[in-house]
Amino acid sequence: MRLLLVIIFLPLQVLCQNTIGLPDVFNYSRQTYGAGLQNWDIKEAKNGILYFANNEGLTSFDGKNWNVYALPNKTIVRSVEIGPDNRIYVGGQDELGYFSPTANGQLQYHSLVGLLKAQDKSFGDVWDIVNFSNALYFRSTNKIFKLEKGQIQAFYPDSEWTYLGTCNGKLYAQDNKAGLKRFEEFGFTVIKSNEMPAGDPVTAILALNADSAMVTSLKNGLFILHKTGVTLLGNANNALFKSERIYAATGINSNQIALATSNSGTYIIDYKGNLVQSFSTKEGLQNNNVLSIFVDKKSNLWLGLNNGIDMVAYNSAIKQISPAQQDGSGYTSIISNQQLYIGTSNGLFSVPLQNLPDLSFSKGEFKPVSNTKGQNWALAEINNQLLLGHHEGAFVIKDNKAVPISAEPGFWNFVALGSNASAGMLAGNYKALSFFKFLNGQFVFDRELKDFEESCRFVAIDNQNNIWVSHPYHGVFKISPKFDGKYIQVSYTVKQGLPSTLNNHVYKVKNDLLMGTEKGVYIYDASKDIFIPSEYYKKLLGTQSIRYLKEDRAGNIWFIHEKSLGVIDVTGKQAVVVYLPELNTKMLSGFEFINPLDAQNIFLAGERGFFHINYEKYKQTRSRLPIQIRMVKISGEKDSVLFGGYFKEVNDHQVQNGKAIPQLSHDWKTIHIEFSSVLFGSQSNLSYRYRLKGFDDNWSEWTKRTEREYTNLPSGEYIFEVEARNSPGNESEIALYTFNILPPWYQTYWAVLLYLIIASLLLYLLYKWLKRKFKLQRLRFEEKQQQLLYIHELERNKVETELMALGNEKLEAEINFKNSELASSAMHLVKKGELIAKIKGQITQVIKGLDNPQAALELKKMIKTLGEDDNMDKEWENFSKHFDKVQSDFLVELKGKHPTITGNELKLSAYLRMNLSTKEIAQLMNISVRGVEISRYRLRKKLQIGSEISLFDYLIKMQAKN
């Protein structure tokens, strides 16, 4: 009975199992793409843009932007196809037509209903559009229309049309009553020997080879189409597919088919009907009702859902492994006895593996290993013992159970101390290094390294059996064995060549002791006992920080820089660095782990579970990135679309010819450019750079932005260029868009001509004005010259007057000087007279005292001589000459005016004119003061001057008048 149950339920159990590795599933909700719920059909243009037949219209996706184009009657779009003329043909309710770009590259709908005959215009929904033999076929339930050379022909069913498609160069249709038909020269012919039940719609016909095809039906599973007819596929899975209702199907590659079901998502089968993989809500789909299915050029699997759109990166070389659907972080993995063990933050899990090249396609369910809940740090196989480093100690795995070998908490790693079967091992834990012996087929704790208390997560043993321990924050330590079995410890810092004491990670790669540092990879030089930069790694990786190093069997070296993964690939003629940007930021920072089993199986620890990398496939599927200009808008008083993303038809390459270069008015203030790369599922790893030639010829920095805006550009021709990249060395070709901003009206040729005419007129007017101005200036100049001559004459007269004044001043000075001399001379005469009078008096006194008559006589003679007037008269003549010369002939003038005046009166007048005192005049005239007063009285009377007038004033005024 038990055997019977096993036989019954084993196929069902195997059927329910999925592969351990699953590609990423990307969900696009209705809110994301901005259209209706259901997506009925999917097609891809040559440029990689996808088009979806949606409830609310044709929906496009370029990897970044979604756009929706409604039909004129706002009906559901049921089908879409890229025609031989590169147009997008769509079918709706009583509507069929195509979208084609306008002159500015925007999609515009053109209806073909006008080509139909009146009796054919009511046809309901168009469910299928097929491009066959340069003609287009549109299927509704009651008509199939053939569009060829601008004319439409209708084909009618016996009951109703339920399918239309192509396979192996032939066109097939299904009549619900007559069955499957093949299109011959002039119409559809029934295929005989058809085992398909009546009333079961065909959903796909997919080529298996040149002579056969697989037929999928909605209710009865899979059939095989031969030359002779249609037969049921003999596979146990058919029972499953019957219950799941196959709504659509598509070929994935030369050996696999994807089935879209209404109840359970998508199944991937081989050509024999065997189940390869399945995708449902459990694997990440938004819902299990799949209405349409499509494989794009990069073998991504697109699912049009009843509510939403999903993309399965089916051809991806990178798969996600989530043990038992756990979200725990991955720390370690190993394959032992054809079992894959995955150590996570939630426990250790195991799953059996099939003998497949790519182990991610192994089917099975992970089972937890007993006694391993919590953090599982390390797995190692030494001496045929599967060892587990756990937060709670060291364990050995036996019969899917963890058996402790040390209760010391927190074991990071296990390192064999030799190559023979009896060798012991070294284990690093949270606070020490532990040694284990191998006795009686098992490891036994031996001892801990004394006087060394560090967390030993990074441990390596060099060729001289030195133990190296690095702690990212405490430093690097070398522990060397001595002859007596003890160890000596040495700390290595910047003095021993390391660039820093922090963030150093020790590894042994290709028998070299390497240190991953903040400044690149350093290698240990044992002869000098220092670390030096490795020239080999510096040439390939530069001086970027390195956190992790691991060598695979082929000699490739896997490394982790910051949060990005790369590999130094040495399988070619030259070592090259390959980056895997799809895994950027997905690794658990600080706990990186890589298990490179072989070229098709690389296991990488992640923040959630593990990643499986088929590196051989990854290298084959890497391709250059596409990049496109998707939208150009201009803004001014209102916005306008300048370019809608298409230079010609939708299937043409994006090449702008000379005629397509738009001429923009200067009134547009802002130009907004959007661009994208049609690389589905990897948008987060893409970056862009751009430049606007004619404005700034320098490339921008790499950025995540997919748009650029320029404001107030001057007139001229501009070329916008943009590139995309997803890793160093993997860049796209340049996409460009050229536009020309016209100059404002005041900078046009007509404006320049007008400027020349106005300039010429202005020059003429300027000439006339200057001529008139020069004439006025000449008249003003002449007037100015007359004024200058007049002023010069005045200045000359002024100068002459000043010279005369100076002459007068000089004369006055000379007069003053002569007056001074006259005064001096007069004073001299006064003094002389006083002296003579004094001498005469003294002589007279002497005579009175002399008794000698003879002497007295002689003295009297002397008195007589002194009293003679001759010399006095002579002196007066000299004085009068000088006086007249100084006083402008004052005496001559006075004598001429008063002829009766005497000589003494002239003397008196001269002395008065000199303003001498009465006493001084008396001495000069040798008379008494009384005599002077009398002489003045007589002179006043002779001159006829009244007593109220001063003689001095009279004489002065008389001279002034003269």
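Because the structure is predicted, anything quoted here is derived from the model rather than measured.

How each quantity is defined
Residues numbered from 1 in each chain as written. Predicted model: local features only at pLDDT ≥ 70, side-chain atom pairs only at ≥ 80, totals over all residues. Heavy atoms only, no water. Phe/Tyr/Trp six-rings, centres within 6.5 Å; stacked < 30°, edge-to-face > 60°. Helix = DSSP H or I, 4+ residues; strand = E, 2+ residues; numbered from the N terminus. Buried < 20%, exposed > 50% of the residue type's maximum accessible area, 1.4 Å probe, protein only. Patch = residues over 30% accessible without salt bridge, like charges linked within 9 Å, V, L, I, M, F, W, Y side chains within 5 Å. Areas by Shrake-Rupley, 256 points an atom, 1.4 Å probe, with all protein chains shown as cover. Salt bridge = Lys/Arg side-chain N within 4 Å of Asp/Glu carboxyl O. Lys, Arg positive; Asp, Glu negative; His and termini not counted. Charge placed at Lys NZ, Arg CZ, Asp CG, Glu CD. Axes fitted to C-alpha atoms, helices over the stretch in contact; angles between N-to-C directions. Parallel < 35°, antiparallel > 145°, perpendicular 65-115°, else oblique. Left-handed = near helix turned anticlockwise from the far one by under 90°. Contact = heavy atoms within 4.5 Å. Nonpolar A, V, L, I, M, F, W, Y, C, P; charged D, E, K, R; others polar. Pairing = 2+ DSSP bridges. Core = buried A, V, L, I, M, F, W, Y, C linked by side-chain atoms within 4.5 Å. pLDDT = per-residue confidence, 0-100.

**Examining the packing of aromatic side chains**
Evaluation of the coordinates by the stated rule reveals 59 aromatic pairs. With 5.0 Å between their ring centres and 55 degrees between their planes, Trp468 and Tyr492 make a pair best called tilted. Of this pair, Trp468 sits in strand β43 (residues 467-471) while Tyr492 sits in strand β45 (residues 487-492), and the two are 24 residues apart along the sequence. The same class applies to Trp468 and to Tyr492, which are both buried. Linked through ring pairs, Tyr28, Tyr33, Phe52, Phe61, Trp66, Trp302 and Phe680 together constitute an aromatic cluster.

**Points about a positive patch on the surface**
Taken together, the side chains of Lys768, Lys771, Lys775 and Arg778 define a basic patch exposed on the protein surface. Within the element layout of this structure, Arg778 appears in helix α6 (residues 749-848). The exposed category is assigned to Arg778, whose relative accessible area is 51%.

**Quick word on the packing of helix α9 (residues 890-897) against helix α10 (residues 903-913)**
Relative orientation of the contacting elements α9 and α10 amounts to 130 degrees, with a least axis distance of 11 Å. The angle between α9 and α10 places the two elements in the oblique class. Helix-helix and strand crossings are classified by hand; for α9 and α10 the assignment is right-handed. Listed contacts from α10 to Phe890, Leu891, Leu894 and Lys895 of α9 are Leu906, Ser909, Ala910 and Arg913. A breakdown of the residues in the contact of α9 with α10 according to their chemical character gives five nonpolar, one polar and two charged.

**As for the sheet that holds strand β33 (residues 367-368)**
Strand order in the open sheet formed by four strands is β30-β31-β32-β33, and the pairing between neighbours is antiparallel. Two strands bound the open sheet, and with one partner strand each, they are β30 (330-336) and β33. In terms of strand pairing, strand β32 (residues 347-352) meets β33 through two bridges, oriented antiparallel. Looking at β33, one finds that Phe349 is bridged to Pro368.

**Description of the sheet that holds strand β27 (residues 301-305)**
As summarised here, the arrangement of the four strands in space is β1-β28-β27-β26, forming an open sheet in which the pairing is antiparallel. Of all the strands in the sheet, just β1 (25-28) and β26 (290-295) have a single pairing partner and so form its edges. When strand polarity is set aside, the average angle formed by the axes of neighbouring strands in this sheet is 20 degrees.

**Some details on the nonpolar core**
Of all hydrophobic cores here, the largest spans 56 residues; its most connected members are Phe531, Leu549, Leu565 and Ile613. The residues touching Phe531, leaving out its near neighbours within four places in the chain, are Trp468, Tyr492, Gln496, Gly497, Leu498, Leu513, Met515, Tyr522, Ile523 and Tyr524.

**Comments concerning α10**
Across the eleven residues of α10, nine count as buried, placing the element largely inside the fold. Looking at α10, one finds that the buried residues are Glu905, Leu906, Lys907, Leu908, Ser909, Ala910, Tyr911, Leu912 and Arg913. Backbone geometry just downstream of α10 places Asn915 in the positive-phi region, at approximately 60 degrees.

**What about the pairing of strand β40 (residues 433-439)?**
Within β40, five of the seven residues are buried, leaving the element largely enclosed by the surrounding structure. What sits between strand β39 (residues 425-429) and β40 in their antiparallel hairpin is a turn of three residues.

**Examining the pairing of β32**
Burial runs high along β32: five of the six residues are buried. Pairing between strand β31 (residues 339-344) and β32: six bridges, direction antiparallel. Note on β32: the bridge partner recorded for Tyr341 is Ser350. Hairpin connection from β31 to β32: two residues lie between these consecutive antiparallel strands.

**Overview of the environment of Ile627**
Secondary-structure assignment places Ile627 in the loop between α5 (615-621) and β57 (628-635). Put simply, Ile627 and Thr141 are 486 residues apart on the chain and 41 Å apart in space, counted from C-alpha to C-alpha.

**Re unusual backbone geometry**
If you check the backbone angles, Asn400 has positive phi at about 60 degrees while not being a glycine. Structurally, Asn400 is set in the loop between β36 (393-398) and β37 (401-406). Asn400 gets classed as partly exposed once you look at its relative accessible area, which sits at 25%.

**Overview of the environment of Ile309**
Along the chain, Ile309 falls in strand β28 (residues 308-312). C-alpha of Ile309 to C-alpha of Val290: the two residues are 19 residues apart in sequence and 9.2 Å apart in space. Beyond its immediate stretch of four places on either side in the chain, Ile309 contacts Phe26, Asn27, Tyr28, Tyr33, Asn39, Phe52, Trp66, Gln286, Trp302 and Leu303.

**Quick look at the environment of Leu850**
Take Leu850: it is sitting in the loop between α6 and α7 (853-866). The class of Leu850 is partly exposed, set by a relative accessible area of 31%. Excluding anything up to four places from it in sequence, Leu850 contacts Ala855, Ala856 and Leu859.

**Observations concerning the confidence of the model for the protein chain**
Note: predicted coordinates in regions of low pLDDT should not be interpreted at a detailed level. The pLDDT averaged across the protein chain works out to 87; a share of 92% of its residues lies at or above 70. Taken together, the stretch residues 1-14 has pLDDT below 50 and engages in one contact with residues farther than four places along the chain or on a different chain.

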